Each structure stands twice: as structure tokens, then as C-alpha cells.
Amino acid sequence: VLSHNLCTVLNVPHDPVALEEHFRDDDEGPVSNQGYMPYLNKFILEKVQGNFDKVEFNRMCWTLCAKKNLSKSPLLISDEDAFKVWVIFNFLSEDKYPLIIVPEEIEYLLKKITEAMGAGWQQEQFDHYKIALNTSREGLSAWELIDLIGSGQFSKGMDRQTVSMAINEVFNELILDVLKQGYMLKKGHKRKNWMERWFVLKPNIISYYVSEDLKDKKGDIILDGNCCVEALPDRDGKKCLFLIKCLDKTFEISASDKKKKQEWIQAIQTTVNLLKAGSPPPHKEARQKRKELRQKLLAEQEELERQMKELQAANENKQKELETVRKQLEAAAARAAEEEKKRLQTQVELQDRFSLELEREKMVRQKMEEQVAQKSSELEQYLQRVRELEEMYKQLQEALEDEKQARQDEETVRKLQARLLEEESAKRAELEKWHLQQQQTIQMTEAEKQELENQRIIKEQALQVAMQQLKQLELERKEALEQYEEVKKKLETAANNTKSWKDKVAHHEGLIRLIEPGSKNPHLITNWGPAAFTEAELEQRQKSWKGKKATSE
């Protein structure tokens, strides 16, 4: 039955054999929507030529779905008006399933109905309704739109007949493409009499009927781009005349008043202009423009959301980079503080070690002075017994001691000079490193420069301390060089004295035997004879030099 009725309203020949063949092997019970759609597409919709009554087709579709979906609550509109609202919904809804009508189209439809009723549009009331609608969903379904219009929310104070007439007027304009309609007088072509007719203006035709029920059609005026409309002066007792010129015929029409005459002339001329330009009817063109505007706004909104997401992602990445830089700066500051702490601790330890070394040097010097005084007294006693030989031996021994001491001092000065040179090169390398770090710090951005200003000040202070230490090391190196020169001169003098005294001793060696003073402590024996210092003094000096070497390293 459904297939037969669809074929009837769509002017498609019904093929019962194809229906039986298509559903022959289906023994699984009732056919679902998905099961019926292939047959509908192949055997019915593909054969549609477009020469069918769309209102009758809509009425059949309404019959199939209205009983199931139409609200049971009482409405202020009739079933016929609900059907017309349903057809208008299908025209204004979005081209996606499930079908909905967006708030912009709802506002457009309600405005049209309100204007047709002759009432004022309540924008503030609709804005509140639109806000409540947007918070819950994107739009309304067909049945929700029928409930909205049937509830009378936007037509308060209007009776059912006024609302029905407004819906019918909007239906005629949007669905039936009725641009204008009304009663006017038309002059006959044969009898030349004037008869009242109901005129209906559509995008390409003007039809006229006996009455507004559209049952008895009397004729059509076919419009095209070559037609024109002209106002005529009053004559033969007829007023508000105008003329419609077509290729084959000319029609004289009389409106009820000047306003109606001007409205009809303007409407017909607008229709002719649209036919010349090949444009669709105004309401269809306006709907297309509104749809394109919504699509454009949606695309702009999606692009804006995409840009916002990109900016948000870039901002998050930047925040992560800034957080990483901040952590690196904090780590660098912590390392710098730790290095400064270690440097200060090392400096304190070095000062303590230098103080201990000075104390030890003083004690050793006192002991050596005591020993020298003791040995001097002993030598005085021996000199009284053998003055000349003892004096010669004493001078020879002093010369040997001076030579040994000079050699030791020379070795000490060389080691000291090497250590000073190593310290100077280390300090220079550290100074160059700090200078390079300072240059790199200067090349940083202004923001990083502000954050690292404290570190730069600390490093400059450390640099100044290092410069002072370097200057001090330069002075010590110069003093060591001077001492080295003095020791060298003393060594040369001692070597000359030793040579002269050796000759004298060799001259008297066969005649006189040297009498050596006794020693309280065991002495070391070297290649040149008894050493000028004891084994305990040698150990003391070795400990002293090992301590200095460890400090310098």
C-alpha cells in the first residue's frame, strides 16, 4: 500500500512484480526502515521526473508520521495549520539528519508569522528563549516547532483564525512561491467587460481565479524577461489602472486603491527583473544567503577555535620552555652558590694551612738559631786551641755549607717558581674562563641579563679576588726571582771560596791534620763530607715541602 501510494503521488508507474521479486526471499518478519530504503531508492525515487504535486506528496508523508509524533496536548492551531508548519520546517531545516531548525531560522519564521498577523515583534522575549535553547541543544525538531507555534507563546492576544491566516500566508509564500495575492478587476479580451478575479503572483506566472478558494481557475499570465508593467491613467470610470504587456497578450487590471496598485506594479516588476537575472525567488535567495552566512560563521568559528587551540598549545609549550629555563637558571644559581661556597672554604683552609706553615717555620728558625749559637760557641772553644787551622777549616766548612745551602735554596726557588708559574697559568685560565662566561652572559637577552645580574656581580667579585691573587702571585714570583738571583750570586761566591780554600787545604794536607769538633747528633755523610744538617732536620724539611706541594695542587 505504501509503495502504491508513493508511486501515485510521485507520478511513477507502480510495478508489483518488482516489489514481489525484491522481497521474495525475505522471511525474517516485518521490513525495517533500512530494509525498505533500497527498494524505495531503486524502484521509486530514481524514476521521479519532478512533475508531481509537492503539496500532495508532503501531505502523504505527513499522514505517515503525524499520528506517531504529533503532541497529544491541545494546541491553538488546527491539524491543517500543523501540517503547513511541518512543511515549512522541512523547507527551513538544515541539510543533515536528524533534521533540526536552527534559532536563526526560527526567528525568521516567527517574524514572518508575526508580521502576517499584524502584531509587533518581541525581540527581547525571543532573545530569552534563544538563550535557553542554546544552552540545551542546537535547534528544534519539526514537532517541537509545532508545539512552540501551537502554544501561542509568541502570538498572545491573537485568536485562532488570525494565527491560521498568518500561517497560511507564510505557507503560500515559502512553499507555494506565492509572492502576492488579492482581488482585482480584470478587463476581458473578447467581451471587454470588467470582472473581479482573485490574482495569485508566482515567480513566473500570474494565475487568476473566480474566488480565493482557488477552485475555479480562469486563466494564467505567463511572465518572462520580456514582460513589462505600466501604470495607466483613470478612464471609463475605472481607477487605479495598470497594464501587463507580454509577447502575445496585454492585460488591463484595476486595483482597489492606489496603494494596492503600487504594490502590485512593484511586485510584478520585481518578478520580471528576477526572471531577467535568472535569480531564484526572494525567500529562497534569502534562505540560501542565511545558510551561507551560517556556514561562513561556523567556518570562522572553527578556524578561530583551531587558532585558539594552536595558541593554547604554543602557550603551553612556551610555558614549558620558560619553566625549563627557570629550572636551568635555578640550577646554575645553585651551582654558582655551591662553587662560591667551596671557593670560600678552600680559601679558609689555605689561610689556616699558611698560618700553620708560618708557625712551623718560626719554630724551625728558632731551633736552627739555637743550634747555630751552640755550634758557634763550640767553634770558639776550638779556635782558641788551633786558631789558624781551625779558622781555615771553619771557613772551608762554611763555604761548603753555603754552597750546599745555595744549591738547596736554588732548587727550592726553582720549585717555588714552577709552582707559582703553574698557579699563575691556572689563575689565567680561570680568569679567561670567567671572562668568556662574562662575554657569553653579556650576549644573553635582556631578560636573562636581569636574572643573572647577581651571578655576574658575584663572578666579578671573584674575578677581582682572582686578580688580586694573581697580582700577589706576580709579586711572590718577582721576590722568588730576586731570591734566586741572590742565591745564585751566593752560590757563585761560595764556589769561588770553596775552590780557593780547597787549594789551601791541599797545600797543607800533608803537613797538618784537621781536627774536627765533635757532634751531639749523628750527621749525614755526603759526597763532599759530613752534611751541614741532621737527619731530623732533613725529615722536617721534607714534610714542609710536601705540605706546600699538596697545598699548591
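Within each chain, residue numbers correspond to sequence positions counted from 1 in written order. Thresholds applied to this predicted model are a pLDDT of at least 70 for local features of residues and 80 or more for the giving and counting of side-chain atom pairs; totals over whole chains, interfaces and linings are not thresholded and use all residues. Based on all heavy atoms of the structure, the side-chain values leave hydrogens and waters out of the count.

Enquirer: In this structure, what is going on with the confidence of the model for the chain? I would like to understand it.
Expert: Detailed reading of predicted coordinates is not advised where the pLDDT is low. Here the chain shows a mean pLDDT of 82. Residues at 70 or above account for 91%. Residue range residues 509-516 is modelled with pLDDT below 50. Its contacts to residues more than four positions away, or to other chains, number four contacts. For every residue, the pLDDT score states the predictor's confidence, bounded by 0 at the bottom and 100 at the top. By the convention used here, residues are in contact when the closest approach between their heavy atoms is within 4.5 Å.

Enquirer: Just to check I follow, could you spell out the pattern of salt bridges for this structure?
Expert: Side-chain pairing between opposite charges can occur once the charged atoms of the two side chains come close. When a carboxyl oxygen of Asp or Glu lies within 4 Å of a side-chain nitrogen of Lys or Arg, that pair is called a salt bridge. In total, this model carries 24 salt bridges according to the counting rule given. E80 is the partner of R59 in a salt bridge, and the nearest nitrogen-oxygen pair spans 3.1 Å. Residue R59 is located in helix α4 (residues 54-69), and its partner E80 is located in helix α5 (residues 79-92); the two are separated by 21 residues in the primary sequence. For E80, a relative accessible area of 34% puts it in the partly exposed group. Via salt bridges that share partners, E424, R428, E474 and R477 belong to a single interconnected network. The helix count covers DSSP runs of H or I at least four residues long, the strand count covers runs of E at least two residues long, and both are numbered beginning at the N terminus. Between buried and exposed lies partly exposed: a residue is buried under 20% and exposed over 50% of the maximum accessible area for its type, with that area taken using a 1.4 Å probe on protein chains only.

Enquirer: Please explain empty space enclosed by the protein as it appears in this structure.
Expert: If you roll a probe as big as a water molecule over the atoms, it shows you where there is empty space left. Cavity: a set of points on a 1 Å grid over the protein atoms alone where a 1.4 Å probe fits but cannot get out. Pocket: an open set with protein on both sides within 12 Å along at least five of seven lines, its lining residues, like those of a cavity, having an atom within 4 Å of a point. Grid points are joined across faces, edges and corners, and a volume is the space filled by probe spheres set on the points. For the coordinates displayed, the defined rule picks out two cavities of 30 Å³ or more. Taken as a whole, the largest cavity holds about 80 Å³ of empty space. For the largest cavity, the full set of lining residues is L110, I113, T114, M117, L148, I149, G152, Q153, F154, S155 and V163. By residue number, the principal contributor to the lining of the largest cavity is helix α6 (residues 103-117), which donates four residues. If you add up the space inside the second largest cavity, you get close to 40 Å³. C7, P13, H14, D15, A18, Y39, F43, I44 and K47 together form the lining of the second largest cavity. For the lining of the second largest cavity, the class distribution of residues is six nonpolar, one polar and two charged. When residues are grouped by polarity, Ala, Val, Leu, Ile, Met, Phe, Trp, Tyr, Cys and Pro land in nonpolar, Asp, Glu, Lys and Arg in charged, and all others, Gly among them, in polar.

Enquirer: What am I meant to see in the state of the cysteines here?
Expert: Here, the word disulfide means a covalent bond between the sulfur atoms of two cysteines. Disulfides are defined as pairs of cysteine sulfur atoms found within 2.5 Å of each other. One pass over the full model with this rule turns up zero disulfides. C228 forms no disulfide, and the closest cysteine sulfur to it belongs to C227, at a distance of 7.5 Å. Its sulfur unpaired, C240 is 20 Å from the next cysteine sulfur, which belongs to C228.

Enquirer: It is not clear to me how the side chain of E424 should be interpreted in this structure. Could you clarify?
Expert: You can see E424 is positioned in helix α12 (residues 387-442). Apart from residues no more than four positions distant in its own chain, E424 is found in contact with L470, L473, E474 and R477.

Enquirer: In this structure, what is going on with the nonpolar core? I would like to understand it.
Expert: Joining through side-chain atoms within 4.5 Å is the link that ties buried Ala, Val, Leu, Ile, Met, Phe, Trp, Tyr and Cys residues into a set, and such a set is a nonpolar core. In this structure, W62, W86 and I146 are the most contacted members of the largest nonpolar core, which totals 39 residues. Every element with two or more residues in this core is listed here: α4, α5, α6, α7 (123-136), α8 (142-150) and α9 (160-174). No other element matches the nine residues that α5 contributes to this core. Other than its neighbours up to four places away in sequence, I146 contacts W62, L70, L75, I77, A82, V85 and W86.

Enquirer: What exactly am I supposed to notice about the sheet that holds strand β7 (residues 250-254) here?
Expert: Paired through backbone hydrogen bonds, the strands of a sheet run either parallel or antiparallel to each other. The rule for pairing is simple: two strands pair if DSSP sees at least two bridges between them. Read across the open sheet, the seven strands follow the order β4-β3-β2-β1-β7-β6-β5; overall the sheet is antiparallel. The sheet is open, and its two borders are formed by β4 (217-222) and β5 (228-232), each paired with just one other strand. Put simply, the sheet's adjacent strands are angled 35° from each other on average, direction ignored. In this sheet, β4 lies alongside strand β3 (residues 205-209) in antiparallel orientation, the contact comprising five bridges. The residue of β4 that forms the bridge with S207 is D220. Throughout, an axis means a line fitted to C-alpha atoms (over the contacting stretch in the case of helices), and angles, computed between N-to-C directions, take values from 0 to 180 degrees.

Enquirer: Hey, could you run me through the UniProt feature "domain: PH" (unreviewed entry) in the chain in this one?
Expert: Sites flagged by UniProt as "domain: PH" (unreviewed entry) map to residues 177-273. Segment residues 177-273 splits into 16% helix and 44% strand. End C-alpha atoms: 16 Å apart. UniProt positions are given in the numbering used here, feature names are shortened, and annotations may be inferred rather than shown by experiment.

Enquirer: Would you mind showing me how to read the layout of surface pockets here?
Expert: In this structure, the second largest pocket occupies an estimated 1600 Å³ of space. Lining of the second largest pocket is provided by 37 residues; of these, F57, C61, C65, W86 and N90 occupy positions nearest its centre. A per-element tally of the lining of the second largest pocket places α4 first, with eight residues. Looking at the lining of the second largest pocket, its residues break down into 25 nonpolar, seven polar and five charged.

Enquirer: Is there a simple way to think about the pairing of strand β6 (residues 241-245) in this case?
Expert: Within a regular strand, the side chains alternate between the two sheet faces. Within β6, four of the five residues are buried, leaving the element largely enclosed by the surrounding structure. When β6 meets β7, the two strands line up antiparallel, connected through five bridges. In the sheet register, F242 faces β7, and the bridge partner there is I253. Connecting β6 to the antiparallel partner β7 that follows it, the hairpin turn spans four residues.

Enquirer: How do you make sense of the packing of aromatic side chains when you look at a structure like this?
Expert: Here a ring pair, both rings aromatic, is described through the centre-centre distance and the interplanar angle of the planes. Here is the rule: rings of Phe, Tyr and Trp (six-membered ring for Trp) pair when centre to centre is within 6.5 Å. Planes less than 30 degrees apart are stacked, more than 60 are edge-to-face, and the remainder are tilted. Applying the stated criterion across every chain, the model contains 11 aromatic pairs. When the centroid spacing of 5.6 Å and the interplanar angle of 55° are considered together, the rings of W62 and W86 count as tilted. Of this pair, W62 sits in helix α4 while W86 sits in helix α5; the two residues are 24 residues apart in sequence, bridging distant segments of the chain. A residue is classified by how much of its surface remains accessible, and W62, at 10% relative accessible area, is buried. Joined through ring pairs, the aromatic side chains of W62, F83, W86, W143 and F171 make up one cluster.

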